[in-house]
Amino acid sequence: MAYSVTINGETREIDAPGEMPLLWALRNELGMVGTKFGCGIGMCGACTVHVEGQATRSCSMTLAAVDGKQVSTVEALGETPVGQALQQAWLEDDVMQCGYCQAGQLMNATALLNTNPNPSDEEIDAAMQGNICRCACYKRIHSAIARVARDEETANV
Ligand code: FES
Ligand code: FES
């Protein structure tokens, strides 16, 4: 059966089993490999995308569950002002080490700042705690998010 999913603003027909994880559909059916496979069981956050604006683990969401919905992936991250600001901060702060977890980190951070543009340190930690980084870049991830939040706040004064 074909499922119709709007991905990064473009409606795509995906002819695959409904129980297929969204992560598989993105990577294997559409060739969108920016979203990463880490654990496959919803525990690491590497596969985070946005479904209807909510940070979602694409390994734990079926294709059938996103039929007719809006999905955003890391490929379109730079098309939003918050995503662009985070990408820039990531580069300026040299956040990445191996980089494997970073698509998921950025998608989760974007969802956080989209809903809470001025999070406290505790709110950043709480929102990001499920995104695992084997290279332990946690401090730099935190400070890049905090800096974007601060800059946004300054821009809105
Ligand atoms: S691959 Fe989805 S949470 Fe780990
Ligand atoms: S940068 Fe290597 S796993 Fe996070």
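None of these values were measured; they are calculated from a predicted model.

## As for helix α3 (residues 102–115)
Note that an α-helix has 3.6 residues per turn; residues three or four places apart therefore point the same way. In a regular helix each residue adds 1.5 Å, so 14 residues correspond to 20 Å; α3 covers 20 Å between its end C-alpha atoms and thus fits that length. Counting buried positions along α3 gives 12 out of 14 residues, so the element sits mostly inside the fold. Taken as a whole, α3 has its buried residues at Q102, A103, G104, Q105, L106, M107, N108, A109, T110, A111, L112 and L113.

## Points about the pairing of strand β4 (residues 54–57)
Where strand β3 (residues 48–51) lies against β4, 4 bridges are found, and the strand directions are antiparallel. Within β4, the residue paired with H50 across the bridge is A55.

## What to know about the domain arrangement of the protein chain
Looking at the assigned domains, one finds that the protein chain contains domain 1 (2–74) and domain 2 (77–155). In this structure, domain 1 and domain 2 have C-alpha centres spaced 21 Å apart. Every contact between the two is made by 17 residues of domain 1 and, on the other side, 12 residues of domain 2. With both sides pooled, the region where domain 1 packs onto domain 2 buries about 1,100 Å², and carbon together with sulfur makes up 56% of that total. Of all residues in domain 1, T48, H50 and V74 give up the largest surface area on contact with domain 2, accounting jointly for 38% of the area buried on that side.

Rules of the game
Residues numbered from 1 in each chain as written. Chains lettered and ligands numbered in written order. Predicted model: local features only at pLDDT ≥ 70, side-chain atom pairs only at ≥ 80, totals over all residues. Heavy atoms only, no water. Helix = DSSP H or I, 4+ residues; strand = E, 2+ residues; numbered from the N terminus. Expected span 1.5 Å × (residues − 1). Buried < 20%, exposed > 50% of the residue type's maximum accessible area, 1.4 Å probe, protein only. Pairing = 2+ DSSP bridges. Domains from an automatic or database assignment. Contact = heavy atoms within 4.5 Å. Buried area = accessible area lost by both parts, 1.4 Å probe.

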